[in-house]
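# Survey of secondary and tertiary structure
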Amino acid sequence: TWNLLNSFTKTGLDKFIYFSTLQVLGKIPFKEIDESLNPNPLNNYGLTHLLSEQIVNYFHNKTETNCINIRLSNGYGSPVFKENNCWWLVINDLCKTAFTKNKIKLLSDGSPQRDFIHILDICQAIEIMIESESNYDENIFHIASGKTLNILELAHIVKKAFSERYSKEIPIYLPDESVSNNSDKFKDSERFMIDIKRIKELGFQNKVSLQAGVNEIFEYLENNDN
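Residues numbered from 1 in each chain as written. Predicted model: local features only at pLDDT ≥ 70, side-chain atom pairs only at ≥ 80, totals over all residues. Heavy atoms only, no water.

Looking only at helices and strands, the chain features seven helices and 11 strands. Burial status across the chain gives 46% buried among its 226 residues. Put simply, of all contacts in the chain between residues at least 6 apart along the chain, 81% involve residues at least 24 apart. The average position of the 24 basic charges and that of the 30 acidic charges among the side chains of the chain differ by 5 Å. (Helix = DSSP H or I, 4+ residues; strand = E, 2+ residues; numbered from the N terminus. Buried < 20%, exposed > 50% of the residue type's maximum accessible area, 1.4 Å probe, protein only. Contact = heavy atoms within 4.5 Å. Lys, Arg positive; Asp, Glu negative; His and termini not counted. Charge placed at Lys NZ, Arg CZ, Asp CG, Glu CD.)

Okay, here's the thing in structure tokens:
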């Protein structure tokens, strides 16, 4: 990150966008989270992204280049190329397991929370930033859906989409091999929410619903079943 910015800010670079992650925040409190929350990474992945963010901020303040940090939540969606290794992503994994094995297997009790955003909406947000003529006094942006689900709720959304698409019921297995029959187990739990007002002020809107995104992955799997 330093080498890129150190080279290109000297040649009149107009804008630099760095893909960071919400993992720079560390343990996210159960409340609405905006870009002002102080980062406190808990792993080397979050730490190295935070260090790069700080480099981006340095060049944003010291040069004429607009240097932007975007913090991504959990992306998902079908790959552009079959070689892309994207099937470890939570939604992609659940859809592929449902499609290939006619079941869903959770690795947790389903309580962990995530904010999921489709790759097409991520691309939309980046396009907006590229085209925006703002000087970005505030140069950190959340890119997320602004909606929080627990993994159990997500699994039941995938199950419902599968059932409607293929007229077949599939089980959701928990780690103890019991079967989950409803998604309400953690519905009353406190939740964090990712504030996306800053990117929405530039014109961003989430366009791909979770249901549509899940069906998009199933369609990909149908067309690339090997």
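Having seen it, we continue.
Further remarks concern the packing of aromatic side chains. How two aromatic rings sit relative to each other is given by the distance of their centres and the angle of their planes. Overall, the coordinates contain eight aromatic pairs when judged by the stated rule. Seen in terms of ring centroids, Tyr 58 and Phe 59 are 5.3 Å apart; in terms of plane orientation they differ by 85 degrees. Their pairing is edge-to-face. On the basis of relative accessible area, Phe 59 is assigned to the buried category, the value being 5%. (Phe/Tyr/Trp six-rings, centres within 6.5 Å; stacked < 30°, edge-to-face > 60°.)

As a further point, take the side chain of Asp 121. You can see Asp 121 is positioned in helix H4 (residues 119–131). An unpaired buried charge is present at Asp 121: no salt bridge exists, and Lys 207, the closest side chain of opposite charge, is 6.8 Å distant. In this structure, Asp 121 is in contact with Phe 204, Gln 205, Asn 206, Lys 207 and Val 208, ignoring residues within four places of it in sequence. (Salt bridge = Lys/Arg side-chain N within 4 Å of Asp/Glu carboxyl O.)

A positive phi angle is found at Ser 167, which is not glycine, with a value near 55 degrees. Tracing the sequence through the fold places Ser 167 in the loop between helix H5 (151–166) and strand E10 (172–173). With a phi close to 75 degrees, Glu 177 is a non-glycine residue in the positive phi region. Assignment of secondary structure puts Glu 177 in the loop between E10 and strand E11 (193–194).

A word on the nonpolar core. Ranked by size, the top nonpolar core spans 31 residues in total, and within it Ile 91, Ile 104, Leu 106, Leu 154, Val 158, Leu 210 and Phe 218 carry the most contacts. Where this core is concerned, the elements lending two or more residues are helix H3 (90–101), H5 and helix H7 (210–223). When residues in this core are grouped by element, the largest group, eight residues, is from H5. Those residues in contact with Leu 154 that sit more than four places away from it in its chain are Val 90, Ile 91, Leu 94, Phe 116 and Leu 210. Residues Ile 68, Leu 72, Ile 196 and Ile 199 belong to the second largest nonpolar core, which totals 24 residues. (Core = buried A, V, L, I, M, F, W, Y, C linked by side-chain atoms within 4.5 Å.)

The next subject is helix H2 (residues 44–62). Between its first and last C-alpha, H2 extends 27 Å over 19 residues, near the 27 Å set by a 1.5 Å rise per residue. Taken residue by residue, H2 has Gly 46, His 49, Leu 50, Ser 52, Glu 53, Val 56, Phe 59 and His 60 as its buried positions. Taken together, the buried residues of H2 touch helix H1 (2–8), strand E1 (15–21), strand E3 (66–72) and strand E8 (140–143). A side-chain oxygen of the first residue of H2 lies 3.3 Å from the backbone nitrogen of Tyr 45; this N-cap is Asn 43. (Expected span 1.5 Å × (residues − 1). Polar contact = N/O pair within 3.5 Å; in protein donor to acceptor, adjacent residues only side chain to side chain.)

Worth remembering: the numbers are spatial, not functional.
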